[in-house]
Amino acid sequence: SLAGNISSSLNTTAMVRRATISGAQAKGKVATAADVANNEKIVFDSAQDAGVKMAELARGLETFVSASGDIEGGTKMLRLLTEVAQASGADIGDIMRAGGFAYKDIKGPNREEDTQRLMAGFALQGARGNVELKDTSRYVTRFLAPAKQFEGDYVRNALMIGAIGQLSMEGGRSNAYEATN
C-alpha cells in the first residue's frame, strides 16, 4: 500500500540519519543534511545492486555504526558484507553487527578486505557449527582480542579462536569422530 511504502521510506531515512549522526559524533563532527542524503544514496544503490530491501541495509548500516562508531567504514563495508550475508545465508544485520566490531578492531591497509574475510569465515562457521552467527556476533570481540597475541595472520588467528569457541558452546563436538560425521 502507499501508506506502507511511505512509512517504510520514512523509517529507512530515519535509520540512515541516526547512523550518520552517530558516526559523525563518534569522530567529533557534525553530520549535515548532505551527509545523510549521500549515505541514503549509498544504501539505495547497495540495495538495488544486491536486490534486497533498502530498509534492511539501512538497519544493517545503523547496526554497523553502533558497533564501530564509523559511518565511513559502514558505507564502505555495506556492499561487501551484504555479499557475505547473501552467500552464506546469514542475516545482514548479524553480519553488519559483527562486522562493525571487527572493523573497529582491525587496522591496516587491508582493513575492508580483512573484515570481509573474517565475516565470511564466521558466517561459514555459523552455518557449519553449533552456534549461528546471530549468536556468535555477541562474542566477536572476545574472539578478536586474543587473536592479536599470536604470530601470523590476524584474520586466520581470529577464525581459529572462533572455531574453538564454536566447539565450546552449545555442546560442541568433543572428538574427531563427532567432528567429521
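We now turn to the structure provided with this report. A quick note: this is a predicted structure, and the numbers were derived from the prediction, not measured. (Residues numbered from 1 in each chain as written. Predicted model: local features only at pLDDT ≥ 70, side-chain atom pairs only at ≥ 80, totals over all residues. Heavy atoms only, no water.)

## So, the overall build of the chain
In terms of regular secondary structure, the chain is built from ten helices and zero strands. Ordered by position from the N terminus, the helices and strands of the chain form the series α-α-α-α-α-α-α-α-α-α. Out of the 181 residues belonging to the chain, those deemed buried represent 41%. As displayed, the chain has an accessible area near 9,800 Å², and 51% of this comes from carbon and sulfur atoms. (Helix = DSSP H or I, 4+ residues; strand = E, 2+ residues; numbered from the N terminus. Buried < 20%, exposed > 50% of the residue type's maximum accessible area, 1.4 Å probe, protein only. Areas by Shrake-Rupley, 256 points an atom, 1.4 Å probe, with all protein chains shown as cover.)

## Overview of the nonpolar core
For soluble globular proteins, the rule of thumb is that nonpolar side chains tend to be buried together. Within the largest apolar cluster, 42 residues are counted, with the highest numbers of intra-cluster contacts made by Ile-95, Leu-118, Met-119 and Phe-122. Those elements giving two or more residues to this core turn out to be helix H1 (2–26), helix H2 (33–50), helix H3 (54–68), helix H4 (71–88), helix H5 (92–105), helix H6 (111–128), helix H8 (140–147) and helix H9 (154–168). (Core = buried A, V, L, I, M, F, W, Y, C linked by side-chain atoms within 4.5 Å.)

## Focus on the side chain of Asp-94
Inspection of the secondary structure puts Asp-94 in helix H5. Dropping the residues within four chain positions of it, Asp-94 is found in contact with Leu-133, Lys-134 and Ser-137. (Contact = heavy atoms within 4.5 Å.)

## What to know about the side chain of Ser-46
Turning to its location among the elements, Ser-46 is positioned in helix H2. Note on Ser-46: relative accessible area 3%, which makes it buried. Here Ser-46 is in contact with Leu-57, Leu-78 and Arg-79, once residues within four sequence places are set aside.

## Structural notes on the pattern of salt bridges
In total, this model carries eight salt bridges according to the counting rule given. Between Arg-79 and Asp-49 there is a salt bridge, with its nearest N and O atoms 3.0 Å apart. Of this pair, Arg-79 sits in helix H4 while Asp-49 sits in helix H2, placing them 30 residues apart in sequence. The exposure class of Asp-49 is exposed, given its relative accessible area of 56%. For the salt bridge of Asp-114 with Arg-117, the shortest nitrogen-to-oxygen distance reads 3.1 Å. Here the residue Asp-114 and the residue Arg-117 both occupy positions in helix H6, the gap between them amounting to three residues, near one helical turn. In this structure Arg-117 comes out as partly exposed when scored by relative accessible area, which is 35%. (Salt bridge = Lys/Arg side-chain N within 4 Å of Asp/Glu carboxyl O.)

## Some details on the environment of Phe-64
Along the chain, Phe-64 turns up in helix H3. By relative accessible area, Phe-64 is classed as buried at 0%. Residues Phe-64 and Tyr-103 lie 39 residues apart in sequence; the distance between their C-alpha atoms is 8.9 Å.

## Topic: the layout of surface pockets
Each pocket or cavity is described by its volume, and for the second largest pocket that value is around 170 Å³. Surrounding the second largest pocket, Thr-20, Ala-24, Lys-29, Val-30, Ala-31, Asp-35, Asn-38, Asn-39, Ile-42, Ile-71, Glu-72 and Thr-75 form its lining. Counting only elements with at least two residues in the lining of the second largest pocket, the list comes to H1, H2 and H4. Counting residues per element, the lining of the second largest pocket draws most heavily on H2, which supplies four residues. Tallied by class, residues from the lining of the second largest pocket come to five nonpolar, four polar and three charged. (1 Å grid on protein atoms, 1.4 Å probe; cavity = no way out; pocket = protein on both sides within 12 Å on 5 of 7 lines; lining within 4 Å. Points joined across faces, edges and corners; volume = space filled by probe spheres on them. Nonpolar A, V, L, I, M, F, W, Y, C, P; charged D, E, K, R; others polar.)

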